[in-house]
Amino acid sequence: MTHKTQDKKLWGGRFAEATDRLVELFNASVPFDQRLAEQDIRGSLAHVAMLGQTGILTPDEVARIEEGLGAILAEIRAGEFKWRLDREDVHMNVEAALRDRIGPVAGKLHTARSRNDQVAVDFRLFTKEAALDLAEKTRALRAVMVAEAERHLSSDGGQPVLLPGYTHLQVAQPILLSHWFMAYAAMLERDEGRFRDAAARMDESPLGSAALAGTPWPIDRHLTAQALGFARPTANSLDGVGSRDFALEFLAAGAILAAHLSRLSEELILYSTFEFGFLTLPDSHTTGSSIMPQKKNPDVAELARGKAGRVFGHLMGLLTVVKGTPLAYNKDLQEDKEGVFDAYDTLATVLRLYADMLPKTVWHAEVTKAAAARGFSTATDLADFLARSGVPFREAHEVVGGLVGLASRTGRQLWDLTDEELRAAHPLLNADVARSLTVEESVKARQSYGGTAPERVREQVELAKAALS
Ligand code: ARG
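The sections below set out a description of the structure shown in this document. Computed from a predicted model, the values in this text were never measured in an experiment. (Residues numbered from 1 in each chain as written. Predicted model: local features only at pLDDT ≥ 70, side-chain atom pairs only at ≥ 80, totals over all residues. Heavy atoms only, no water.)

**Notes on the layout of surface pockets**
Reasoning step 1: As a volume, the largest pocket reaches approximately 500 Å³.
Reasoning step 2: Surrounding the largest pocket, 22 residues form its lining, Tyr 166, Trp 180, Arg 263, Glu 267 and Tyr 271 being those nearest its centre.
Reasoning step 3: Put simply, the parts of the chain that give the lining of the largest pocket at least two residues each are β1 (162–167), β2 (170–176), α7 (177–201) and α10 (245–271).
Reasoning step 4: In the lining of the largest pocket, the residues fall into 12 nonpolar, 6 polar and 4 charged. (1 Å grid on protein atoms, 1.4 Å probe; cavity = no way out; pocket = protein on both sides within 12 Å on 5 of 7 lines; lining within 4 Å. Points joined across faces, edges and corners; volume = space filled by probe spheres on them. Helix = DSSP H or I, 4+ residues; strand = E, 2+ residues; numbered from the N terminus. Nonpolar A, V, L, I, M, F, W, Y, C, P; charged D, E, K, R; others polar.)

Quick look at the structure:
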């Protein structure tokens, strides 16, 4: 970034005094909005072509501007463009560079346009592409989840890998590891949908809204919308330049995705501890400690959990920026970009890291199975046994609750209770019944639609695979 002495501002007509240096720094957005250079030039090319097609500019003027913009784009791509802070933002950097290159005819590019619709169209182009890209990356991670679910249906010597299912982080009922993977796949499916819905809703071009009220020039907004790949122009010029709900929706979809990835991270961190020992994260995605030689830290998962904070922050930040602004454009709206850029970069990276890390994560089936059997995880199955024989479920619950109390006081499992103890609790109970309370039988029994029985989980996997193919 060059800190040149200011040349005359593009808007300098009514100003006699130079801009204060600190104001210039405070006002400038070019340090971050130069990221919109591609979109800005695309927007300008669509605009100038339309100015030619509608007879507002001559073919010669259009050709010279197009050539100049093409050369500037090449310079930017080659990293040779000199961004200047005194030229404030990406729009005026490009336009001033165009004037340096082709002379006063450059000034005709801004006919029937304002920076207000210019920035709105640039930022929509960026955000729509970002939403569709995150939709794709979310889908790719979902495909990994489904593949992992399928793999773990038979990775324990041909048997499905078992996992304790938790509520309140207390062992609740045994589930299949594949069922757990498919739960995250379901969340990611909706995340993808939210990005696609948002992209479809923001698929309108604000270009031609001009400053706020439209323009007396005979422009064709349908033409520019089409040239830029938008479904249609925005229907109201005030809304076109003054609204940022497209960015809010992007951030909201991103925040929900970040929350899901954070929950996943928390489980991976917990399950990788020495105390749980359910899984081993790959060396490639963990780090060591500079002092404790035994350590293998789940940094990627911890950062993925922590990064949710900044994505949520960007959503809250922009909501707060927008809420007090009167129609239409206000400079406050310049604060819309950095959060969106950062949320996009953050989520794109986490999605890629997880797509790489999960297939390399090793699950310890013997540990998860043993854990799935602890904590009286099959107590509900015993209550269901009684209920199936006609005992009202509430009464069965009470009976089994008493047995759990007895077993836990005496350091035993339900299947260690004696015939006499079981019969005393309820005449329908005996040692054979208690011994049949295995985790395998427990999961097999959960045949309800969406349940954890292997057949049901396989159905989920097959449906997801079909949807993904
Ligand atoms: N850099 C500005 C932004 O990002 C561009 C629009 C400026 N418009 C204006 N009326 N000052 O919002």
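The structure having been displayed, the exposition proceeds.
**Here's the deal with the packing of helix α4 (residues 59–77) against helix α5 (residues 90–102)**
For any two helices packed against each other, one specifies the crossing angle of their axes together with the interaxial distance.
Reasoning step 1: With their axes 10 Å apart at the nearest point, α4 and α5 run at an angle of 115 degrees to one another. Two packed elements cross with a definite hand, and for α4 against α5 that hand is right-handed. For the pair α4 and α5, contact is made by Arg 64, Ile 65, Gly 68, Leu 69, Ala 71, Ile 72, Glu 75 and Ile 76 and by Val 94, Ala 97, Leu 98, Arg 101 and Ile 102, respectively. (Axes fitted to C-alpha atoms, helices over the stretch in contact; angles between N-to-C directions. Left-handed = near helix turned anticlockwise from the far one by under 90°. Contact = heavy atoms within 4.5 Å.)

**Quick word on the nonpolar core**
Reasoning step 1: Counting 76 residues, the largest nonpolar core has Trp 180, Phe 250, Leu 268, Tyr 354 and Trp 363 as the members making the most contacts within it.
Reasoning step 2: It is α10 that provides the largest number of residues to this core, a total of 14 residues.
Reasoning step 3: Once residues within four sequence positions are removed from consideration, Leu 268 is found in contact with Trp 180, Leu 279, Tyr 354, Met 357, Leu 358 and Trp 363. (Core = buried A, V, L, I, M, F, W, Y, C linked by side-chain atoms within 4.5 Å. Buried < 20%, exposed > 50% of the residue type's maximum accessible area, 1.4 Å probe, protein only.)

**Topic: the side chain of His 91**
Reasoning step 1: Positionally, His 91 belongs in helix α5.
Reasoning step 2: Ignoring anything within four residues of it in the chain, the contact list for His 91 reads Asp 40, Arg 115, Gln 118, Val 119 and Asp 122.

**Quick word on the site of the ligand**
Reasoning step 1: Taken together, Ser 29, Asp 33, Asp 89, His 91, Arg 115, Asn 116, Val 119, Tyr 329, Gln 334 and Lys 337 are the residues near the ligand.
Reasoning step 2: Lys 337 has a polar side-chain atom sitting 2.6 Å from an oxygen atom of the ligand.
Reasoning step 3: When isolated, the ligand has an accessible area of 350 Å², and the protein chains bury 86% of it.
Reasoning step 4: Considering each element in turn, the shell around the ligand owes the most residues, 3 residues, to helix α6 (residues 115–151).
Reasoning step 5: Its residues placed into classes, the shell around the ligand shows 2 nonpolar, 4 polar and 4 charged. (Near = heavy atom within 4 Å. Polar contact = N/O pair within 3.5 Å; in protein donor to acceptor, adjacent residues only side chain to side chain. Areas by Shrake-Rupley, 256 points an atom, 1.4 Å probe, with all protein chains shown as cover.)

**Thoughts on the pairing of β2**
Consecutive side chains along a regular strand alternate between the two faces of the sheet.
Reasoning step 1: Taken together, the 6 bridges between β1 and β2 define a ladder with antiparallel strand orientation. Bridge pairing in β2 links Tyr 166 to Val 171.
Reasoning step 2: As consecutive antiparallel partners, β1 and β2 are separated by 2 residues, and within that stretch His 168 has a phi angle of approximately 55 degrees, a positive value. (Pairing = 2+ DSSP bridges.)

**Thoughts on empty space enclosed by the protein**
Reasoning step 1: Scanning the model with the defined rule gives 4 cavities of 30 Å³ or more in all.
Reasoning step 2: Roughly 70 Å³ of volume is contained in the largest cavity.
Reasoning step 3: Along its surface, the largest cavity is lined by Asp 7, Lys 8, Lys 9, Leu 10, Trp 11, Asp 86, Arg 87, Glu 88, Met 92, Ala 96 and Arg 99.
Reasoning step 4: Here the lining of the largest cavity is built from residues that sort into 4 nonpolar, no polar and 7 charged.
Reasoning step 5: Each pocket or cavity is described by its volume, and for the second largest cavity that value is around 40 Å³.
Reasoning step 6: Forming the boundary of the second largest cavity are Lys 9, Trp 11, Thr 19, Glu 24, Asn 27, Ala 28, Asp 86 and Glu 88.

**Here we look at the pattern of salt bridges**
Reasoning step 1: In the structure shown here, the tally under the stated rule is 37 salt bridges.
Reasoning step 2: Asp 100 is paired through a salt bridge with Arg 87; the nearest N and O atoms lie 3.1 Å apart. Placement of Asp 100 in helix α5 and of Arg 87 in the loop between α4 and α5 is noted, with a sequence separation of 13 residues between them.
Reasoning step 3: Of the charged contacts in the structure, one is a salt bridge between Asp 419 and Arg 423, with a shortest N-O distance of 3.4 Å. On the criterion of helical spacing, the pair formed by Asp 419 and Arg 423 is a turn pair, its members being 4 residues apart in helix α16 (residues 419–425).
Reasoning step 4: What makes Asp 419 partly exposed here is its relative accessible area of 26%.
Reasoning step 5: Residue classification places Arg 423 among the partly exposed positions, given a relative accessible area of 44%.
Reasoning step 6: A cluster of three or more residues bridged by salt bridges with shared partners is formed by Glu 136, Arg 139, Arg 142, Glu 189, Glu 192 and Arg 196. (Salt bridge = Lys/Arg side-chain N within 4 Å of Asp/Glu carboxyl O.)

Shape descriptors only; they carry no functional weight alone.
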